[in-house]
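# Report on the structure
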Amino acid sequence: MKNKSLEDHLRVLFNLKELPQDEEWSSLIKNARLQSFKKNEVILKSNLRYSDVLFVTEGILASEFTAGEKTVIGRFFRPGNLCTNFDSLLHQTVSRYQIVSITSCTVISMTASDFMEYYNNGISLGKILRNIVLEIIAEDILITDVKLLYGKNEMIEFIRTHYPDIAQKVPFKYIAQFLGITPESYSRILKQSHHKS
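Residues numbered from 1 in each chain as written. Predicted model: local features only at pLDDT ≥ 70, side-chain atom pairs only at ≥ 80, totals over all residues. Heavy atoms only, no water.

What follows concerns the packing of helix H4 (residues 112-121) against helix H5 (residues 124-149). Running from N to C, H4 and H5 point in directions that differ by 95°, and their axes come no closer than 7 Å. Compared by their axis directions, H4 and H5 come out roughly perpendicular. On H5, the residues touching Phe 115, Tyr 118, Tyr 119 and Asn 120 of H4 are Leu 125, Gly 126, Leu 129, Arg 130 and Val 133. Tallied by class, the residues present in the contact of H4 with H5 amount to six nonpolar, two polar and one charged. (Axes fitted to C-alpha atoms, helices over the stretch in contact; angles between N-to-C directions. Helix = DSSP H or I, 4+ residues; strand = E, 2+ residues; numbered from the N terminus. Parallel < 35°, antiparallel > 145°, perpendicular 65-115°, else oblique. Contact = heavy atoms within 4.5 Å. Nonpolar A, V, L, I, M, F, W, Y, C, P; charged D, E, K, R; others polar.)

Attention shifts here to the pattern of salt bridges. For the structure shown, the criterion picks out five salt bridges. A salt bridge links Asp 8 to Arg 11, with the nearest nitrogen and oxygen atoms 3.1 Å apart. Here Arg 11 and Asp 8 lie together in helix H1 (residues 6-13), a separation of three residues that amounts to about one turn. Here Glu 139 makes a salt bridge to Arg 75, at a shortest N to O gap of 2.8 Å. Note that Glu 139 is positioned in helix H5 and Arg 75 in strand S5 (residues 70-77), a separation of 64 residues in sequence. Each member of the pair, Glu 139 as well as Arg 75, is classed as buried. Here the salt bridges do not stand alone but share partners, grouping Arg 75, Glu 139 and Asp 140 into one network. (Salt bridge = Lys/Arg side-chain N within 4 Å of Asp/Glu carboxyl O. Buried < 20%, exposed > 50% of the residue type's maximum accessible area, 1.4 Å probe, protein only.)

Before going further, it helps to examine unusual backbone geometry. Of note in this structure, Asn 15 is not a glycine but carries a positive phi near 55°. Turning to its location among the elements, Asn 15 is positioned in the loop between H1 and helix H2 (23-31). On the basis of relative accessibility, which here comes to 71%, the residue Asn 15 falls in the exposed class. The backbone of Asn 47 shows a phi angle near 65°, a positive value even though the residue is not glycine. Residue position: Asn 47 is located in the loop between strand S2 (42-44) and strand S3 (52-58). According to the relative accessible area criterion, Asn 47 is exposed, its value standing at 58%.

Taken together, four strands build an open sheet; the order of strands is S1-S8-S3-S6 and the sheet is antiparallel. What marks the edges here is a single partner per strand, and that holds for strand S1 (33-37) and strand S6 (82-83). Where S3 lies against strand S8 (residues 105-111), six bridges are found, and the strand directions are antiparallel. Each bridged residue has a counterpart across the sheet, and for Leu 54 the counterpart in S8 is Ser 109. Here H4 sits on the sheet in contact with S3, S6 and S8, set at roughly 75° to S8. (Pairing = 2+ DSSP bridges.)

Put simply, the protein has an average pLDDT of 87, and 96% of its residues get 70 or more. Highest mean pLDDT in the protein belongs to S1 (95); lowest belongs to helix H3 (residues 86-91) (74). (pLDDT = per-residue confidence, 0-100.)

This is the structure we're talking about:
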């Protein structure tokens, strides 16, 4: 469906037949913004306090930081994901991470202050946001476990099994940055696994 409205995106994002007709949702419709970004755009910059929270409706984004000459991807964000740096958001500290569009993407953005108000005090929208944050925490724990406990081959298999859209749509270099290996190593491991199957 081309040219979807903010309401259409929200309905799909939160898996709702209809949007609730209460004050929270009216406020969200009024204050949230639908934004599109081209591939490789920096959406939220590092060395700033994060003042926006993004919900990914289309495309893939990544959270990355640079250490010396090396760029590291902490995680990918896919449609349905909430995308921000919670540490920067909660403590109003400068973030060392930046959010980059890996593919062209569409997001719904809201201010951090609106998000915190809905999250802390909201009823209908607040409940949805609190559930999403719990899902993020569980996924972050899983990703951390995978990065700490799995070998590179197992990590690649994990991505292919649990995140097939990332394995198919994200260029090798970004997956390699997520895995902490070179693109050449990633390509070599993929070729070896294809020969085994």
